[in-house]
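A look at the structure
The lines below spell out each chain.
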Number of protein chains: 2
Amino acid sequence: MASIHDVAREANVSVTTVSRVMNNRGYISEATRKKVFAVMDQLNYRPNEVARSLFRKKSNVIGVIIPDVSFSFFAEYVRYVEEEAYANGYKVMICNALDDGQKEREYIRMLRSSQVDGIILGSHTMDIHEFENLQLPVVTLDRTVPGVTCVTSDNDAGGRIATQALLDRGCQHIAHIRGPIELETPANRRSDAFAEVAGASGVKHTILETSNNEFVFNAYLKLVEKMFQEHPSIDGVFASNDLLALAVLRVAKMIGKHVPEQLQIIGFDGVHEATVSTPQMATISQDIPLMAKESVQQLLSIISEESTEAIKIVLPVQFIHGETILPK
Amino acid sequence: MASIHDVAREANVSVTTVSRVMNNRGYISEATRKKVFAVMDQLNYRPNEVARSLFRKKSNVIGVIIPDVSFSFFAEYVRYVEEEAYANGYKVMICNALDDGQKEREYIRMLRSSQVDGIILGSHTMDIHEFENLQLPVVTLDRTVPGVTCVTSDNDAGGRIATQALLDRGCQHIAHIRGPIELETPANRRSDAFAEVAGASGVKHTILETSNNEFVFNAYLKLVEKMFQEHPSIDGVFASNDLLALAVLRVAKMIGKHVPEQLQIIGFDGVHEATVSTPQMATISQDIPLMAKESVQQLLSIISEESTEAIKIVLPVQFIHGETILPK
DNA sequence: TCAAGTGTGTCAAACGGTTGATACACAATA
DNA sequence: TATTGTGTATCAACCGTTTGACACACTTGA
C-alpha cells in the first residue's frame, strides 16, 4: 500500500503538503493541489485510517453488542444501525454476546482497547453496576441503566393495544407469555400492561413465563403445549415476541384449534418471520429502523459531546392487523 | 485512558520494560513483572490496539460485505462468522451493500483504508474484473471470481434432491422459481439441476425467474399469483429460496390450494423463517455455521500466507422433510 | 586483572499520518 | 528603507506501541 511518503516523493512535495491537500488546510496553490491529487490517483493512494485514528484519538468506529444477530429483531436493527452509522462516516463492529456475561464483559474490554468511539448495548447479561465507570459513550437498547441513554419502544401502549384487541374480539380466556421476570427490561411493561388491562376487564387471564433468555423454538413449542394442556379454555394469546406467537400458531394447528376462529394470537416485534407466515401474524410492530436511527443519533451526539444528559427515548409501536385475529 | 507511559511512570520502569512484560520478550525479573502487572491492573490499563495495529501493520479486523444482514441467511451467516473470527482473535466489521454496486465499491475502499486484514465478500453487484487487483485477502461467499477462494454449498445436489423429491411424490407439473439469470452465481446450479432432472423425467415443468435481486416479499407474492394464473396445473414447486417458498405457501392458501395434498413446496436455504412456519417448510438446508466457519478459516489462512492457491469449497446440503410435501 | 557472559533495563527509531511553528520570497504599506 | 502581510512549503513533534541496539552492573573463569 502506498503511503503518504510515496505520494510526496512522486509529487515532489513534502509530506506535510500532501496532508494539507487531503485535509484542505493552510494555503495550497492550485497547481500543487492538482499534482498531488493526480499522484494520489495514480498510486491508488488511500490514507491509512489506523494512523489517522492514532493521531486524532478517534476511530470512527462504533461497537454494537447484542445477544445474537441471527435473531430477526437484532438483524433488522443492526441493518439500520449500520446504515445510519455509515451515513455519518462511522463503521460498525459487531459482537454477539450470546447471553454470556463473561463474553459481554470481554467484548466491552476489547472494544475499548480497539478505541471505538462508542458502544450500543443491546444485550442483557451484565450486571447494571458494571456499567458505572465505563468511561465510554454508551446507548442501550431496551435496557434501563441509570445515567445511560436508552432507546426503547412504547411497550406499555403495545401491551395495552394487544390485550384490548383480544378483549374487543370476544376472547373469554386470554393468556400472555412473557420473557423471564428476573430480567428487568422495559419489555416488562408489555406484561404489566396485559395484567392491568386484563385485570380491569374481569375476563379470565393467565400469565406464563419462558425460561431464562430462552429463544429456542422447540422450547417454545413445549411451553405452549403445556399451556394448552393446563388451560384448554384459552382462546386468545398475547405473546411477548413473534417467535413465541408463531410457536402458538404451530401448536394450535397440532391440537386442532382453528386460528383465528377458536384461538386468536397477537405477537410483538413485527419481525420478518411474522410478516411472511401464513396466516400472517397479527403483531405489535416496533419501528426498528427508527430505533436504530435514534440509537446511532444519540450515540453520536454523546460522542460529539453535544448531549450530556442521559435520556430515555420511547418510540411508538404499530398494531399490525394480521390474519391470526378476527377482523373487528 | 491510561497509556503505557502512565504504567511505566507509576511502576518506575521504562516504557520498553512495560512493553516487554506485556509481550513476554527479553529478560524481565519476576519482581519487575509482578509490579508492572499490578500497576496495569490498578490503572485498568488496556493497550491501545490502534497503536499496535499501526506498528504491526495488522489490525486483526476482517470486513464482511453482504447484501443485507437483515436477510436471515446472511444474519445467520454473520452470526457464525463473528463467532469464528472472535475465537481466532479477530473482530468483524459489517457492511450492507444493499445491492448497490457503488456502495460495494466504497465499502471495499473504506475497509482497505481501515487496514482490515481481509474481506469476506457475499454481495454480488460489482463486476468480476474489479476484483482483480484488490491486493487484499478475499474469500467470496457464493460467488465465483477467478483466482479467489469461494465457499458455497452443493447447489447441484440440492437442486437434484428437491426436484426428485417432487417427482417421487407424484407431482405432474413442477415449477421452479429462480433468481435472476444475469447474475452468474453458483446458486444457478440449483436451476440447472432442476432443468436436468425434470427434463429427464419427462414430467411437465416450468421455470420462472424473479426480477433483479428482488427480495421483497410482496413482489414474490405477485410473481407467484401470476404463476398460478398462467399455470393452474402446477402441483409442485421448488423455490430457490425459502422466502419464495413461503410466498408460494401464502398464495396457495389464498387461492384455496391445499398444501401438501394439492400442492407440494420445497424451498432452499433452511433459514429460520422456514423452520418456524406452519406448516413447517420442506427445504434444502445449507450448513450455514459450517459455511461461516470455512469462510473465516480460509480467509485466515490466506492472511497468514499459509494458503496461496484459490480453492472452491463446496459444502453438503441437507434435505429437511417439512410438512409442505407429502410423506414419501 | 580483564575479557566474556548474563541479567536487567533504557534509548531512539519506526509505523503513517497531522499540525503548530517557522522559513522564505515577494508585494504592499508606513 | 523598514515593517507588515500573504502565499507557499518545510521541519519537527506527536499519537501509543514495538523492538533492535546498546548500556550498565555483576558474576565467572582464564
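Residues numbered from 1 in each chain as written. Chains lettered and ligands numbered in written order. Predicted model: local features only at pLDDT ≥ 70, side-chain atom pairs only at ≥ 80, totals over all residues. Heavy atoms only, no water.

1. A closer look at the environment of D156(B)
Residue and element names in this part refer to chain B. Here D156 is to be found in helix α7 (residues 155-168). The partly exposed category is assigned to D156, whose relative accessible area is 29%. Taking the C-alpha atoms as reference, D156 lies 33 Å from E106; in sequence the two are 50 residues apart. When residues no more than four places from it in sequence are discounted, the contact partners of D156 are R189 and A193. (Helix = DSSP H or I, 4+ residues; strand = E, 2+ residues; numbered from the N terminus. Buried < 20%, exposed > 50% of the residue type's maximum accessible area, 1.4 Å probe, protein only. Contact = heavy atoms within 4.5 Å.)

2. Details of the relation of the copies chain B and chain A
Both copies of the chain are related by a screw-like operation: a rotation about an axis and a shift along it. It takes a turn of 180° to lay chain B on chain A, together with a shift of 0.0 Å along the axis; the resulting RMSD is 0.1 Å. What we have between these two chains is a two-fold relation. The position closest to the rotation axis in chain B is occupied by the C-alpha of M93(B), lying 2.3 Å away. Interface overlap between copies: 100% of the residues of chain B at the interface are likewise at the interface in chain A, consistent with a symmetric, same-surface contact. (Least-squares fit on C-alpha atoms with pLDDT ≥ 70 in both.)

3. Here we look at the protein's contact with DNA strand C
Neighbouring DNA strand C are 28 residues; I4(A), S14(B), T16(B), Y27(B) and K57(B) lie closest to it. Backbone atoms, meaning sugar plus phosphate, form 56% of the atoms of DNA strand C positioned within 4 Å of the protein. Within the side chain of T32(B), one N or O atom sits 2.6 Å away from a phosphate oxygen of DNA strand C. Where the surface near DNA strand C is concerned, the elements lending two or more residues are α2 (15-23) and α4 (49-56) of chain A together with α2 (15-23) and α4 (49-56) of chain B. At six residues, the largest contribution of residues to the surface near DNA strand C is made by α2(A). (Near = heavy atom within 4 Å. Polar contact = N/O pair within 3.5 Å; in protein donor to acceptor, adjacent residues only side chain to side chain.)

4. So, helix α6 (residues 101-113) of chain A
If you check α6(A), its first and last C-alpha atoms are 19 Å apart, about what 13 residues at 1.5 Å a residue would give, namely 18 Å. For α6(A), the set of buried residues is G101(A), K103(A), E104(A), Y107(A), I108(A), M110(A), L111(A), R112(A) and S113(A). Of the surrounding elements, those touching the buried residues of α6(A) are β1 (61-66), β2 (91-96) and β3 (118-121) of chain A together with α4, α5 (72-87) and β2 (91-96) of chain B. Between a side-chain oxygen at the N-terminus of α6(A) and the backbone nitrogen of Q102(A) the separation is 2.9 Å; the capping residue is D100(A). One or two positions beyond α6(A), positive phi appears at Q115(A), with a value near 65°. (Expected span 1.5 Å × (residues − 1).)

5. A few points about the sheet that holds strand β6 (residues 173-178) of chain A
All names here are of chain A. Read across the open sheet, the six strands follow the order β7-β6-β8-β9-β10-β12; overall the sheet is mixed. Only two strands of the sheet have a single partner each, and these edge strands are β7 (204-209) and β12 (317-320). Taken pair by pair, the neighbouring strands of this sheet meet at an average axis angle of 15°, ignoring direction. Sheet topology note: the β6/β7 ladder contains six bridges and is parallel. Of the residues in β7, the one forming a bridge with H173 is K204. Sheet strands in contact with helix α7 (residues 155-168) are β6, β8 (236-239), β9 (264-269), β10 (282-286) and β12, and its direction is about 170° off that of β9. (Pairing = 2+ DSSP bridges. Axes fitted to C-alpha atoms, helices over the stretch in contact; angles between N-to-C directions.)

6. Thoughts on the pattern of salt bridges
Considering all chains together, one arrives at 24 salt bridges over all chains under this definition. The closest approach of N and O atoms between K226(A) and E230(A), which form a salt bridge, is 4.0 Å. You can see K226(A) and its partner E230(A) sitting in helix α9 (residues 217-230), four residues apart, about one turn around the helix. A residue is classified by how much of its surface remains accessible, and K226(A), at 49% relative accessible area, is partly exposed. It is possible to trace a salt-bridge network through shared partners that takes in D68(A), R79(B) and E83(B). (Salt bridge = Lys/Arg side-chain N within 4 Å of Asp/Glu carboxyl O.)

7. Quick look at the packing of aromatic side chains
All names here are of chain A. All chains considered together, the criterion is met by eight aromatic pairs over all chains. For the ring pair F194 and F238, a centre distance of 6.4 Å and an interplane angle of 40° mean the geometry is tilted. Note that F194 is positioned in helix α8 (residues 188-201) and F238 in strand β8, a separation of 44 residues in sequence. F238 shares its class with F194; the two are buried. Between F238 and F268, the ring centres sit 6.2 Å apart and the planes meet at 40°, which makes this aromatic pair tilted. Note that F238 is positioned in strand β8 and F268 in strand β9, a separation of 30 residues in sequence. Relative accessible area serves as the criterion here: at 0%, F268 is assigned to the buried category. Lying across the ring of F268, R190 places its NZ or CZ 3.8 Å from the centre. (Phe/Tyr/Trp six-rings, centres within 6.5 Å; stacked < 30°, edge-to-face > 60°. Lys NZ or Arg CZ within 6 Å of the ring centre and 35° of its normal.)

8. Focus: the sheet that holds strand β12 (residues 317-320) of chain B
Sheet strands associate in pairs through backbone hydrogen bonding, adopting either a parallel or an antiparallel arrangement. Residues and elements named next belong to chain B. As summarised here, the arrangement of the six strands in space is β7-β6-β8-β9-β10-β12, forming an open sheet in which the pairing is mixed. Single-partner strands in this sheet number two, and they are β7 (204-209) and β12. Looking at each pair of strands side by side, their axes are set apart by 15° on average, direction ignored. Summarising the sheet, strand β6 (residues 173-178) and strand β8 (residues 236-239) pair through four bridges and their orientation is parallel. Paired with H176 across the bridge in β8 is F238.

9. A look at the interface of chain B and chain A
Opposite the 50 residues of chain B that make contact, chain A presents 50 residues. A buried area of about 4800 Å², summed over both sides, lies between chain B and chain A, and 63% of it is on carbon and sulfur atoms. It is Y86(B), R250(B) and T278(B) that lose the most area in chain B upon contact with chain A, and together they represent 14% of the buried surface on that side. Taking the shortest distance from any N to any O, the salt bridge between D68(A) and R79(B) comes out at 3.2 Å. Applying the counting criterion to the chain B and chain A interface returns 22 residue pairs in polar contact (both at pLDDT 80 or more). (Buried area = accessible area lost by both parts, 1.4 Å probe.)

10. Remarks on the domain arrangement of chain A
Residues and elements named next belong to chain A. Each domain of chain A was delimited in the assignment, giving domain 1 (4-47), domain 2 (61-152 + 288-314) and domain 3 (155-287). Each of domain 2 and domain 3 has a C-alpha centre, and the two are 28 Å apart. On the domain 3 side, the residues contacting the 15 residues of domain 2 number 13 residues. A combined buried area of about 1200 Å² lies between domain 2 and domain 3, and 51% of that area is made up of carbon and sulfur atoms. Applying the counting criterion to the domain 2 and domain 3 interface returns zero salt bridges. The tally of links between domain 2 and domain 3 comes to six residue pairs in polar contact (both at pLDDT 80 or more). Take the side of domain 2 that touches domain 3: its biggest share by element is four residues, from helix α12 (residues 288-303). Classifying every residue of the side of domain 2 that touches domain 3 by side-chain character gives six nonpolar, five polar and four charged. (Domains from an automatic or database assignment. Nonpolar A, V, L, I, M, F, W, Y, C, P; charged D, E, K, R; others polar.)

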